[in-house]
Amino acid sequence: MIDYRVDGDGIAVVTWNVPGSPVNTLNDAATTAYVAAVDKALADPAVKGIVVTSAKSDFIAGADINDFLADRSVAGLEAGSRAINRVFRRLETAGKPMVAAINGTALGGGLELALACHYRIAADSPKTRIGLPEVTLGILPGAGGTQRLPRLIGVRAAVPLLVEGTRLPVADALKLGILHAVVPAAELLHKAKAWILAGGKAEQPWDRKGFRVPGGNPGDPGVQEFLSVVIAKVHERTAGNYPAPINILSCVYEGMSSPIEVGTDIESRYFGVTAATVQAENLIRSGFLALNDARKLKRRPAGVPKAEFRKVGVLGAGLMGSGIAYACAKAGLDTVLLDREPAMAERGKVHSDKLLTREVERGKLDAAGREATLARITPTVDYAALTGCDIVIEAVFEQRDIKAEATHRTAEATGPDILFASNTSTLPISGLAEHWPRPDNFIGLHFFSPVHRMALVEVIRGRQTSETCLAQALDFVARIGKTPVVVNDSRGFFTSRVFATYFEEGMALLAEGVNPALIENAGRQTGMPLGPLAVADEVALDLVHKIIVQTRADLGPSYTPPVSAPVIELFVEKLGRVGKKAGKGFYDYADGQRRLWPGLAEHFPRAARQPDVGSVKRRLLHIQSVEAARCLAEGVVESTTDADVASLLGWGFPAWAGGVLSYVDTIGVDRFVAECEALAASVGPRYAPPDILKRLVGTGTQLRAAGR
Ligand code: 3HC
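Procedures and definitions
Residues numbered from 1 in each chain as written. Predicted model: local features only at pLDDT ≥ 70, side-chain atom pairs only at ≥ 80, totals over all residues. UniProt positions renumbered as here; feature names shortened; annotations may be inferred. Helix = DSSP H or I, 4+ residues; strand = E, 2+ residues; numbered from the N terminus. Rg over C-alpha atoms; globule rule 2.2 N^0.38 Å. Buried ≥ 20, exposed ≤ 12 C-beta atoms within 10 Å, placed from the backbone. Contact = placed C-beta atoms within 7 Å. Near = placed C-beta within 6 Å. Nonpolar A, V, L, I, M, F, W, Y, C, P; charged D, E, K, R; others polar. Pairing = 2+ DSSP bridges. Domains from an automatic or database assignment. Axes fitted to C-alpha atoms, helices over the stretch in contact; angles between N-to-C directions. pLDDT = per-residue confidence, 0-100. Core = buried A, V, L, I, M, F, W, Y, C linked by C-beta atoms within 7 Å. Parallel < 35°, antiparallel > 145°, perpendicular 65-115°, else oblique. Left-handed = near helix turned anticlockwise from the far one by under 90°. Expected span 1.5 Å × (residues − 1). Arc of directions from axis to C-beta.

Identification of the chain as enoyl-CoA hydratase from Immundisolibacter cernigliae is taken from an unreviewed UniProt entry. Taken from UniProt, the Pathway (unreviewed entry) comment for the chain reads in full: "Lipid metabolism; fatty acid beta-oxidation." According to UniProt, the comment filed for the chain under the heading Catalytic activity (unreviewed entry) is "a (3S)-3-hydroxyacyl-CoA + NAD(+) = a 3-oxoacyl-CoA + NADH + H(+)".

Take a look at the structure:
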């Protein structure tokens, strides 16, 4: 776990290598072994100094975040931080020079360990990242980071890194003074030892007599002004949903004018209260662990050999098809991009050209990389070009007959044994599968726009989709660097069905006479990326209108249109304001600006009594979660985690709530059900909580624990 060796020059090399994990983490056993190794070096009079490094490709990834889920008490979390703070301080003041030889990424507690060393030298690698990303987990650095970093590089430089959780390349960390040196990897240990042998001192800047924080203490007027601007910005960005960044600022403000021991005690106090919040639990559980598991296909059907992909066909070179083709080519796959018209197919390739050119301009790709990626895309109108594809993804117009024709023609070219996927967002998969000779090889792969930015792919299992097809489709999604969530076939699947409730509820509020600015502000204050009316404009009202018309035709009298249907019909049929793409919807889009359309007041007279913002926020979030719970009850999604991941990646459900079903636990099941029942009585039956929730009331069981 921790290797200890003393070389002929009297340098102890302490090497981290935590077994059973791809990364080193400061778990209890490893930390204890580390401290024992350093103590051994301190006690050995023959040892002149200590070099700390790692045998893995990364240095240390920080604390083991699973530990923060084990004991959720403020006291326990605070005690853990206090213990590590005391031990780092003891080692830093023990009198022997310590060097962190940072061979790879050093994050969180890993960097904090390095900050408690007297010299930090890193191997030059473009992959290495240096930073304190705790804030992204809803916690704060609890091993001295809030105290040592500002003392080292100054409050103004440290605060943005702390509140944003920035992961710096080594060159930037060197420039900022977090690292003392960056050297070629092969020289790392030699140079680390050389610093000690050249007389490197066991001394920290903050222990020097008369030490002053570089750039001034938080008490100084200039620094105070800087901090108040940061506080205002953090409040604006987080709308009070995330306590961590404000608590980080408190640690810096309160800790910086005290001796470091007092500062780290202050930090531990804030660490306890911050790490114990439900937001921290949600960000760790869903934002980190669940996303990691989804990305790594942890729930892929076992026993199916991993599928390899070399050649992909994409049918339809519209917005989605050309985005999918880009993602495939970028992942190194030969990509046939087929459309009816040669010019359309070519235009689809131009989409990739534009994206790649932008990457070159930003220095993220070289010209050769751009050329190689572009060369992988073959635009064509000829189905014969699909021969040899391992998978074909259909992204043609959302019309059954057009899709059916494209499916038949592909089968003629490729034979029935390849995977065939439809990118439909509205048509049930099982029906479309009938057009493929082997419906067991047919699956839905629902990408999101813009494809190059959206990580999620909703993988839709049709009635006849085989486990092999599912497993291999998951392999494909992972191969192109996206994150899959598996859902079962149904109308609107999961993502579109639940997300739609958000903007539909916005329209319902509008129809009730609620001030549109209030609706939009409330939406944003929940942490959703856009207000519901802005979202409706982005989605395009004519598309929503088309889905309503189609579903009405499919289901007949049993269909209950969404509550927003009259508003949508007004906007599409009478006003011709279909959304952003037309330059007009609920907003006017002129000069690159978005302004609420003044005509809203005429069509939706304001109610005399306006609701408070809290109740609008509640409606906008509760409606999504109650619909998601229905999907869980119906088996559209199979677990609360799947629902959470789909909502975080698919439509930006607020991460503080952990996702659309973790939100229920965040509120508390009892309270959520009571509030939904009250809304069902006052607003409409769409809020009626399903049995899957009602059964849990009074049991003290979380939905997360009870959900399938
Ligand atoms: N704790 C527990 N598990 C961790 C971990 C951590 N800090 N960091 C990574 N892992 C796990 C991952 O979950 C993954 O598990 P798996 O094998 O079951 O899938 C495995 O290690 C490998 O991780 P990745 O797949 O993410 O590997 P990459 O090579 O892509 O990335 C990394 C490596 C950059 C280190 C990335 O894992 C990462 O960003 N980790 C989180 C870093 C972090 O947030 N550190 C702060 C922790 S909190 C802290 O230190 C508090 C302190 O102030 C007291």
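Peer 1: Looking at this structure, I do not really get the overall build of the chain. What am I missing?
Peer 2: Each helix and strand in the chain was counted, giving 30 helices and 19 strands. Taken over C-alpha atoms, the radius of gyration comes to 28 Å for the chain, in line with the 27 Å a tight globule of 708 residues would show. On the principal axes, the C-alpha backbone points of the chain span a range of 85 × 65 × 55 Å. Buried residues in the chain amount to 49% of all 708 residues. Contacts in the chain between residues far apart in sequence, at least 24 positions, make up 73% of those at least 6 positions apart.

Peer 1: Would you mind going over the site of the ligand with me for this structure?
Peer 2: What surrounds the ligand is a group of 25 residues, the closest being Ala61, Gly62, Ala63, Gly108 and Gly109. When the residues that make up the shell around the ligand are grouped by side-chain class, the tally is ten nonpolar, ten polar and five charged.

Peer 1: I tried to follow the sheet that holds strand 8 (residues 167–168) on my own but got confused; where do I start?
Peer 2: Strand-to-strand pairing in sheets goes through backbone hydrogen bonds, with the strands running parallel or antiparallel. Read from one edge of the open sheet, three strands run 5-7-8, paired in mixed fashion. Pairing within the sheet leaves two strands with one partner each, and these edge strands are strand 5 (106–107) and strand 8. Relative to strand 8, strand 7 (residues 130–131) runs antiparallel, the two being bridged by two bridges. Paired with Gly131 across the strands is Arg167, a residue of strand 8.

Peer 1: What exactly am I supposed to notice about the pairing of strand 19 (residues 593–596) here?
Peer 2: Both strand 18 (residues 587–590) and strand 19 contribute to a ladder of four bridges, which runs antiparallel. In the sheet register, Tyr587 faces strand 19, and the bridge partner there is Leu596. As consecutive antiparallel partners, strand 18 and strand 19 are separated by two residues, and within that stretch Asp591 has a phi angle of approximately 50°, a positive value.

Peer 1: What is the right way to read the domain arrangement of the chain from this model?
Peer 2: Note: interface size is frequently given as the accessible area lost on complex formation between the parts. Domain annotation for the chain reports domain 1 (2–276), domain 2 (311–490) and domain 3 (496–706). For domain 1 versus domain 2, the distance between C-alpha centres works out to 45 Å.

Peer 1: How should the sheet that holds strand 17 (residues 483–488) be read in this particular structure?
Peer 2: Taken together, eight strands build an open sheet; the order of strands is 12-11-10-13-14-15-16-17 and the sheet is mixed. Looking at which strands have only one partner, the edges of the open sheet turn out to be strand 12 (377–380) and strand 17. Put simply, the sheet's adjacent strands are angled 25° from each other on average, direction ignored. Both strand 10 (residues 311–315) and strand 11 (residues 334–338) contribute to a ladder of five bridges, which runs parallel. Across the sheet, the residue bridging to Val312 is Thr335, located in strand 11.

Peer 1: I'm lost on the UniProt feature "domain: 3-hydroxyacyl-CoA dehydrogenase NAD binding" (unreviewed entry) in the chain in this one. Help?
Peer 2: In the numbering used here, UniProt assigns the "domain: 3-hydroxyacyl-CoA dehydrogenase NAD binding" (unreviewed entry) feature to residues 311–489. Taken as a whole, residues 311–489 contains 41% helix and 22% strand, while its terminal C-alpha atoms sit 27 Å from one another.

Peer 1: Mind showing me how you'd approach the confidence of the model for the chain here?
Peer 2: If pLDDT is low for a region, its predicted coordinates should not be looked at in detail. On average, residues of the chain score 96 in pLDDT, and 100% of them are at 70 or above. Interface confidence for the predicted complex, expressed as ipTM, amounts to 0.99; the pTM equals 0.95.

Peer 1: Please clarify how the UniProt feature "domain: 3-hydroxyacyl-CoA dehydrogenase C-terminal" (unreviewed entry) in the chain should be interpreted in this entry.
Peer 2: The positions UniProt marks with the feature "domain: 3-hydroxyacyl-CoA dehydrogenase C-terminal" (unreviewed entry) are residues 492–589. Between the C-alpha atoms that bound residues 492–589 the distance is 29 Å, and the span itself is 61% helix and 3% strand.

Peer 1: Would you mind going over unusual backbone geometry with me for this structure?
Peer 2: The omega torsion of the bond from Ser449 to Pro450 falls at -5°, within 30 degrees of zero and hence cis. Tracing the backbone through its elements, the reader meets Pro450 in the loop between strand 15 (442–447) and strand 16 (456–461). One non-glycine residue, Asp591, lies in the positive phi region at around 50°. Taking the number of C-beta atoms within 10 Å as the measure of exposure, Asp591 has 6 and is therefore exposed.

Peer 1: Even after reading the chapter, I still don't get the nonpolar core, so can you show me in this structure?
Peer 2: In a soluble, globular protein the nonpolar side chains are often hidden away together inside. Residues Val99, Val314 and Ala473 are the most contacted members of the largest nonpolar core, which totals 211 residues. Sequence-distant contacts of Val314, that is, excluding residues within four places in its chain, are made with Gly321, Ile324, Ala325, Cys328, Thr335, Val336, Leu337, Leu338, Ile393 and Ala395.

Peer 1: What is the right way to look at the packing of helix 22 (residues 541–555) against helix 23 (residues 565–574) in this model?
Peer 2: Helix-helix packing is characterised by the crossing angle of the two axes and by the distance between the axes. Where helix 22 contacts helix 23, the axes come no closer than 9 Å and their chain directions differ by 125°. Between helix 22 and helix 23, the interaxial angle falls into the category oblique. For the pair helix 22 and helix 23, the sense of crossing is left-handed. Contacts between helix 22 and helix 23 involve Leu541, Asp542, Val544, His545 and Ile548 on the former and, on the latter, Ala565, Ile568, Glu569, Phe571 and Val572. A breakdown of the residues in the contact of helix 22 with helix 23 according to their chemical character gives seven nonpolar, one polar and two charged.

Peer 1: Can you walk me through helix 28 (residues 669–682) in this structure?
Peer 2: Spacing of three or four residues puts side chains on the same side of an α-helix, whose turn is 3.6 residues. Relative to the 20 Å expected for 14 residues at 1.5 Å per residue, helix 28 spans 20 Å between its end C-alpha atoms, a close match to the ideal helical length. Along helix 28, the residues that are buried comprise Val669, Phe672, Val673, Cys676 and Leu679. For helix 28, the angular spread of buried residues about the axis comes to 125°, placing them on one side. What points out from helix 28, more than 90 degrees from its buried face, is the exposed set Arg671, Ala678, Ala681 and Ser682. Buried residues belonging to helix 28 abut helix 25 (613–634), helix 27 (662–667), helix 29 (691–694) and helix 30 (703–706).

Peer 1: Explanation requested: the pairing of strand 14 (residues 419–422) in the structure shown.
Peer 2: Two faces belong to every sheet, and in a regular strand the side chains alternate between them. Judged by which residues are buried, strand 14 turns out to be covered on both faces: Leu419 and Ala421 on one side and Phe420 and Ser422 on the other are all buried. Looking at chain direction, strand 13 (residues 391–394) and strand 14 are connected through four bridges and run parallel. When the sheet's bridge partners are listed, Glu394 is paired in strand 14 with Ser422.

Peer 1: What's the story with helix 18 (residues 467–479) in this structure? I'm lost.
Peer 2: With 13 residues, helix 18 ought to run about 18 Å at 1.5 Å a step, and its terminal C-alpha atoms sit 18 Å apart, in line with that. Within helix 18 the residues assigned to the buried category are Cys469, Leu470, Gln472, Ala473, Leu474, Asp475, Phe476 and Val477. Contact partners of the buried residues in helix 18: strand 13, strand 14, strand 15, strand 16 and strand 17.

Peer 1: Would you mind going over the environment of Ala540 with me for this structure?
Peer 2: Looking at the element boundaries, Ala540 is found in the loop between helix 21 (532–539) and helix 22. For Ala540, a count of 17 C-beta atoms within 10 Å gives the class partly exposed. The spacing of Ala540 and Lys580 is 40 residues in sequence and 6.9 Å in space, taken between C-alpha atoms.

Peer 1: Got a minute to help me understand the packing of helix 25 against helix 28 in this structure?
Peer 2: Interaxial distance between helix 25 and helix 28 falls to 11 Å at its minimum, and their mutual angle equals 105°. Compared by their axis directions, helix 25 and helix 28 come out roughly perpendicular. Only Glu675, Cys676 and Leu679 of helix 28 make contact with helix 25, whose side of the interface consists of Arg618, Arg619, His622 and Val626. Partitioning the contact of helix 25 with helix 28 into residue classes produces three nonpolar, one polar and three charged.

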